Amino acid sequence: MRFIEAQTIQYQGFWGSIGDLIWWFLWAFIFITYLFALFAVIGDLFRDHKLNGWAKAIWIIALIFFPFLTLFVYLIARGGGMAERGAAQAAQMRDAQAKYIKSVATSSSPSEEIAKAKTLLDSGAITQAEFDAIKSKALAG
């Protein structure tokens, strides 16, 4: 009778096998990609004002119980709307930023406002009471 010696396979650590390392990175990439897509869908659900609350709740419940299938269905069915809502939000933020920059850039210092009001008072365009109101408003902030 022959005895077969059992070979023992030793674990060589995380860097021991290049194949294990490649598979680990591949699955990590897939998982991170899934998380990005999931958060994009959830963000789009709450950004969409045309969709009622019950429909949003159904999508969220479906994402919990059937995550991959629901994610793919949502991206296929509502992907175009996602792009439109994202572009609209970006345009709204760009307009708000431009409005804020314009308001900050055109504001003058209190001394300039008082000087302009003084020239208007000297020319007779405003009264002393109006000058005092402009001066107090400029000094208040």
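See above for the structure.
Residues numbered from 1 in each chain as written. Predicted model: local features only at pLDDT ≥ 70, side-chain atom pairs only at ≥ 80, totals over all residues. Heavy atoms only, no water.

Before going further, it helps to spend a moment on helix α1 (residues 18-47). Each α-helix winds once per 3.6 residues, and so residues spaced three or four apart point in a common direction. A rise of 1.5 Å per residue sets the reference length of α1, with its 30 residues, at 44 Å; its end C-alpha atoms lie 43 Å apart and thus fit the reference within 8%. Buried within α1 are the following residues: Leu21, Tyr34, Ala37, Leu38, Val41, Asp44 and Leu45. (Helix = DSSP H or I, 4+ residues; strand = E, 2+ residues; numbered from the N terminus. Expected span 1.5 Å × (residues − 1). Buried < 20%, exposed > 50% of the residue type's maximum accessible area, 1.4 Å probe, protein only.)

Looking now at a nonpolar patch on the surface. The grouping of Ile61, Ile64, Phe65, Phe66, Leu69 and Val73 at the surface amounts to a nonpolar patch, some 670 Å² of accessible area in total. The element best represented in the nonpolar patch is helix α2 (residues 53-65), accounting for three residues. Of note, Leu69 is situated in helix α3 (residues 67-106). (Patch = residues over 30% accessible without salt bridge, like charges linked within 9 Å, V, L, I, M, F, W, Y side chains within 5 Å. Areas by Shrake-Rupley, 256 points an atom, 1.4 Å probe, with all protein chains shown as cover. Salt bridge = Lys/Arg side-chain N within 4 Å of Asp/Glu carboxyl O.)

Across all of its chains, the model carries three aromatic pairs by this definition. Measuring from ring centre to ring centre gives 4.6 Å for Tyr34 and Phe68, while their planes differ by 45°; the resulting arrangement is tilted. Within this pair, whereas Tyr34 is found in helix α1, its partner Phe68 is found in helix α3, the two being separated by 34 residues in sequence. Ring centres of Trp59 and Tyr74 lie 4.8 Å apart, and the angle between their planes is 90°; this geometry places the pair in the edge-to-face category. Of this pair, Trp59 sits in helix α2 while Tyr74 sits in helix α3, placing them 15 residues apart in sequence. Using a relative accessible area of 0% as the deciding quantity, one classes Tyr74 as buried. (Phe/Tyr/Trp six-rings, centres within 6.5 Å; stacked < 30°, edge-to-face > 60°.)

For the rest of this paragraph, the subject is the nonpolar core. The biggest cluster of nonpolar side chains holds eleven residues, and these are Tyr34, Ala37, Leu38, Val41, Leu45, Leu51, Trp59, Leu63, Leu71, Tyr74 and Met82. For this core, the leading source of residues is α1, giving five residues. In this structure Tyr34 touches Pro67, Phe68 and Leu71, once residues within four positions along its chain are discounted. (Core = buried A, V, L, I, M, F, W, Y, C linked by side-chain atoms within 4.5 Å. Contact = heavy atoms within 4.5 Å.)

Here Asp48 lies in the loop between α1 and α2. A polar side-chain atom of Asp48 sits 3.1 Å from the main-chain amide nitrogen of Lys50. Once you skip the residues sitting within four places of it in the chain, Asp48 turns out to touch Lys56, Arg78 and Arg85. (Polar contact = N/O pair within 3.5 Å; in protein donor to acceptor, adjacent residues only side chain to side chain.)

Between α1 and α2, the least distance of the axes is 10 Å, while the angle of their chain directions is 165°. As the angle between them shows, α1 and α2 are arranged roughly antiparallel. For the element pair α1 and α2, the recorded crossing hand is left-handed. Packed against α1, whose contacting residues are Leu38, Val41, Ile42, Leu45 and Phe46, the element α2 presents Lys56, Trp59, Ile60 and Leu63 at the interface. Of the residues contributing to the contact of α1 with α2, the split by class is eight nonpolar, no polar and one charged. (Axes fitted to C-alpha atoms, helices over the stretch in contact; angles between N-to-C directions. Parallel < 35°, antiparallel > 145°, perpendicular 65-115°, else oblique. Left-handed = near helix turned anticlockwise from the far one by under 90°. Nonpolar A, V, L, I, M, F, W, Y, C, P; charged D, E, K, R; others polar.)

These figures capture arrangement, not role.
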